[in-house]
Amino acid sequence: MAALYSTIRTIVLIVAFLVLESHSAKKKFDESAESARIYVKRKKVTKEDLLTGPDEDDGAKGELSGMVRFFEGDFRMGINDPKYKRILEYPPRTVRVASFKIDRYPVTVEEFQKFLKAKSSFKTDAQINGHSYVLLRALRGRVDQKDVNRLSKKLKKGEPWWVYLPRATWNQPEGEGSDIMSRLDHPVTHVSYHDAHAFCTWKGKRLPSEAEWERACRASTKEWTYPWGDTFRRGSMNTWQGTFPTENKLGDGYEFTSPVNAFPPQNERGMYDMVGNVWEWTNDHYLEYGATREKFQLRKVLKGGSFVDNIDHHHHHETTANHPVRASTRKGLPLEESAQNIGFRCAKSWDVVIPEDPKPTTPPRLHKLEETWEYKKQVKERREKMKKLREQILRKRQFQILRSEEL
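The shown structure was predicted, so the numbers you read here are calculated from the model rather than taken from an experiment.

*Asks:* Tell me about the overall build of the protein, and please be specific about residues and values.
*Replies:* Of regular secondary structure, the protein possesses 9 helices and 12 strands. Going through the 407 residues of the protein one by one, you find that 44% of them count as buried. For the protein, restricting intrachain contacts to residue pairs at least 6 apart in sequence, the fraction spanning at least 24 positions comes to 73%. Summing over all exposed atoms, the protein offers an accessible surface of approximately 23400 Å²; the carbon and sulfur share of this is 53%.

Now the structure itself:
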């Protein structure tokens, strides 16, 4: 009886040992499987992160500076109105633009003043020539009527509301006796293409192309008339209200230029003063439909309209003044020309790889414990051990039976 009890006890211990060994193997497998599910956690970089993240050119809080990013892509450029075919606003077309950055605001008087302090030997074209165009209306009440009559002999041909005024420069917008101290946050004016190019180069930037400018103005792929949509919105830009050039009702509160942040952002990307206030130089050559390249080889495209332009759509194809202010508006001027309503903003190429949406991936297949090679090997070894154990027990029992029979 004692021998039988000893045999049963041995069998129980062996079975317990095998069960514990199997549990230990399963635990190790589970740990390895869990580690297979752990991946390096990295922040997913999205287009939104790149668009809204900090830029090396972003100005400090309260400063009228900073740039807005635009990814490479297609957009609709121009206007669907055949009467603007001559100036190449029609027909609308799809244009692809590489990734770029562009100033959120036009360059201000204060910024241009810093440029000239750093480049003390630089002279603007208006300073070199000694003249620049000023709106005749801006001189009334400032100078004697006799001087107005004298200056009227120097009116611009075809645009008799502009006078070629001596000593009108960026720091004397209405000629001698005027100043800029109360207009440091206004867009700088009386700057030629050469002046704008020199400033942007000093800042490590460049002038935008016409397509880049219009892309930033629209901020979408839609053929909107204005940066915000197709309907004119009061209180959105500085334009002429009334009969041009005799009456300005000042519905927007400004007769001439206004601060670059006087009106709300004009589109969903937070761009200011894209239309109205001042015309802005671009880097593209100006051409018209059917004209030879030689005729316009010394002209550059200006965009956006200004405070002397309005929302009337009936003059632009007939005259070169009082343009309808909208996203596609364009005109061309000689590179050295400057005026009271001409400014600019800078741009910069942006070499960036657009992050693609991750492709859907199939998660790694986790094999069941019973399917693993190690588990099958362990099961086979246990079976062999159990077989040997049963044989030992059987032989031992047979030996005990033979011995009991002998006794």
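*Asks:* How would you sum up helix α3 (residues 109-118)? Please name residues and give values.
*Replies:* Every buried residue of α3 is accounted for by Val-109, Glu-111, Phe-112, Phe-115 and Leu-116. Buried residues of α3, viewed axially, fall in a sector of 160°; they line one side. On its buried face, α3 sits against α7 (193-202).

*Asks:* A description of the sheet that holds strand β10 (residues 330-334) should follow, citing residues and the corresponding values.
*Replies:* Two orientations exist for strands paired in a sheet by backbone hydrogen bonds: parallel and antiparallel. Strand order in the open sheet formed by 4 strands is β10-β9-β8-β11, with mixed pairing between adjacent strands. Each edge of the open sheet is held by one strand with a lone partner, namely β10 and β11 (342-343). Where strand β8 (residues 279-285) meets strand β9 (residues 299-303), 3 bridges bridge the pair, whose relative direction is antiparallel. Each residue of the ladder has a partner; that of Glu-280, found in β9, is Lys-303.

*Asks:* Before we move on, can you summarise the pairing of β8 with the specific residues and values?
*Replies:* Working note: regular strand, side chains alternate between the two faces of the sheet. By the bridge criterion, 2 bridges tie β8 to β11 in an arrangement that is parallel. Bridging from a neighbouring strand, Glu-280 pairs with Gly-343 of β11.

*Asks:* Can you explain the packing of α3 against α7? Please cite residues and give values.
*Replies:* One way to put it is that α3 packs onto α7 with a least axis distance of 11 Å and a crossing angle of 80°. In terms of axis orientation, α3 runs roughly perpendicular to α7. Residues Glu-111, Phe-112, Lys-114, Phe-115 and Ala-118 of α3 form the contact with α7, whose participating residues are Asp-195, Ala-198, Phe-199 and Trp-202. Its residues assigned to classes, the contact of α3 with α7 shows 6 nonpolar, no polar and 3 charged.

*Asks:* Describe the side chain of Lys-205, and please don't skip the residues or the numbers.
*Replies:* Of note, Lys-205 is situated in the loop between α7 and α8 (210-218). Here the side chain of Lys-205 touches Asp-103 through a polar contact of 3.0 Å, side chain to side chain.

*Asks:* I'd love a proper account of the nonpolar core, names of residues and values included.
*Replies:* Ranked by internal contacts, the top residues of the largest apolar core, which has 39 residues, are Phe-112, Leu-135, Val-188, Trp-281 and Phe-344. Contributions of two or more residues to this core are made by α3, β5 (131-135), α5 (136-139), β7 (159-166), α7 and β8. Counting 22 residues, the second-largest nonpolar core is a separate cluster that includes Ile-102, Cys-217, Met-274 and Ala-347.

*Asks:* Now, about α8: what can you tell me, with residues and values included?
*Replies:* One turn of the α-helix equals 3.6 residues, which is why residues spaced by three or four share an orientation. Most of α8 is tucked away, with 9 of its 9 residues classed as buried. Within α8 the residues assigned to the buried category are Glu-210, Ala-211, Glu-212, Trp-213, Glu-214, Arg-215, Ala-216, Cys-217 and Arg-218. At the exit of α8 stands Ala-219, carrying a positive phi of roughly 55°.

*Asks:* Can you break down the packing of aromatic side chains residue by residue, with the values?
*Replies:* Summed over all chains, the structure comprises 19 aromatic pairs. Aromatic side chains Phe-112 and Phe-199 sit 6.0 Å apart centroid to centroid with 25° between the ring planes, which places their arrangement in the stacked category. Remark: Phe-199 occurs in helix α7 and Phe-112 occurs in helix α3; sequence separation between them is 87 residues. Residue class for Phe-199 comes out buried when judged on its relative accessible area of 2%. Look at Phe-115 and Trp-202: their rings are 5.3 Å apart centre to centre, the planes differ by 55°, and that puts the pair in the tilted class. With Phe-115 in helix α3 and Trp-202 in helix α7, the pair connects residues that are 87 residues apart, well separated along the chain. You can call Phe-115 buried: its relative accessible area is 1%. Judged by relative accessible area, which is 34%, Trp-202 ranks as partly exposed.

*Asks:* Run through the state of the cysteines, naming residues and quoting values.
*Replies:* One pass over the full model with this rule turns up 1 disulfide. At a sulfur-sulfur separation of 2.2 Å, the disulfide partner of Cys-200 is Cys-346. One quick way to see it: the torsion about the S-S bond of Cys-200 and Cys-346 is about -90°, and its sign makes the bridge left-handed. Highlighted residues: Cys-200 in helix α7 and Cys-346 in the loop between β11 and β12 (347-349), separated in sequence by 146 residues. In this structure Cys-346 comes out as buried when scored by relative accessible area, which is 1%.

*Asks:* If you had to explain the confidence of the model for the protein to someone new, which residues and values would you point to?
*Replies:* When pLDDT drops low, the exact placement of atoms in the prediction is not to be read closely. When the pLDDT values of the protein are averaged, the result is 80; 71% of them are 70 or greater. Of the regions scoring below 50 in pLDDT, residues 31-45 engages in 8 contacts with residues more than four places distant in sequence or in other chains. For residues 313-320, every residue scores under 50 in pLDDT, and the model assigns this stretch 20 contacts once sequence neighbours within four places are set aside.

*Asks:* Residues and numbers for the pattern of salt bridges, please.
*Replies:* Oppositely charged side chains can form a pair if their charged atoms are brought close together. Under the criterion given, the structure shown has 15 salt bridges. Between Arg-76 and Glu-223 there is a salt bridge, and its shortest N-O distance comes to 2.9 Å. Placement of the pair is Arg-76 in strand β2 (residues 73-77) and Glu-223 in the loop between α8 and β8, with a sequence separation of 147 residues. Look at Arg-76 and you get partly exposed, because its relative accessible area is 24%.

*Asks:* Which residues make up the environment of Glu-214, and what values go with them?
*Replies:* Considering the arrangement of structural elements, one finds Glu-214 in helix α8. Judged by its relative accessible area of 2%, Glu-214 is buried. Taking the C-alpha atoms as reference, Glu-214 lies 9.3 Å from Thr-329; in sequence the two are 115 residues apart. Apart from the residues lying within four places of it in its own chain, the contact partners of Glu-214 are Phe-75, Met-77, Gly-78, Lys-303, Ala-327 and Ser-328. Polar contacts involving the side chain of Glu-214 include one to the side chain of Arg-218, which spans 2.9 Å.

Criteria and thresholds
Residues numbered from 1 in each chain as written. Predicted model: local features only at pLDDT ≥ 70, side-chain atom pairs only at ≥ 80, totals over all residues. Heavy atoms only, no water. Helix = DSSP H or I, 4+ residues; strand = E, 2+ residues; numbered from the N terminus. Buried < 20%, exposed > 50% of the residue type's maximum accessible area, 1.4 Å probe, protein only. Contact = heavy atoms within 4.5 Å. Areas by Shrake-Rupley, 256 points an atom, 1.4 Å probe, with all protein chains shown as cover. Arc of directions from axis to C-beta. Pairing = 2+ DSSP bridges. Axes fitted to C-alpha atoms, helices over the stretch in contact; angles between N-to-C directions. Parallel < 35°, antiparallel > 145°, perpendicular 65-115°, else oblique. Nonpolar A, V, L, I, M, F, W, Y, C, P; charged D, E, K, R; others polar. Polar contact = N/O pair within 3.5 Å; in protein donor to acceptor, adjacent residues only side chain to side chain. Core = buried A, V, L, I, M, F, W, Y, C linked by side-chain atoms within 4.5 Å. Phe/Tyr/Trp six-rings, centres within 6.5 Å; stacked < 30°, edge-to-face > 60°. Disulfide = S-S within 2.5 Å. pLDDT = per-residue confidence, 0-100. Salt bridge = Lys/Arg side-chain N within 4 Å of Asp/Glu carboxyl O.

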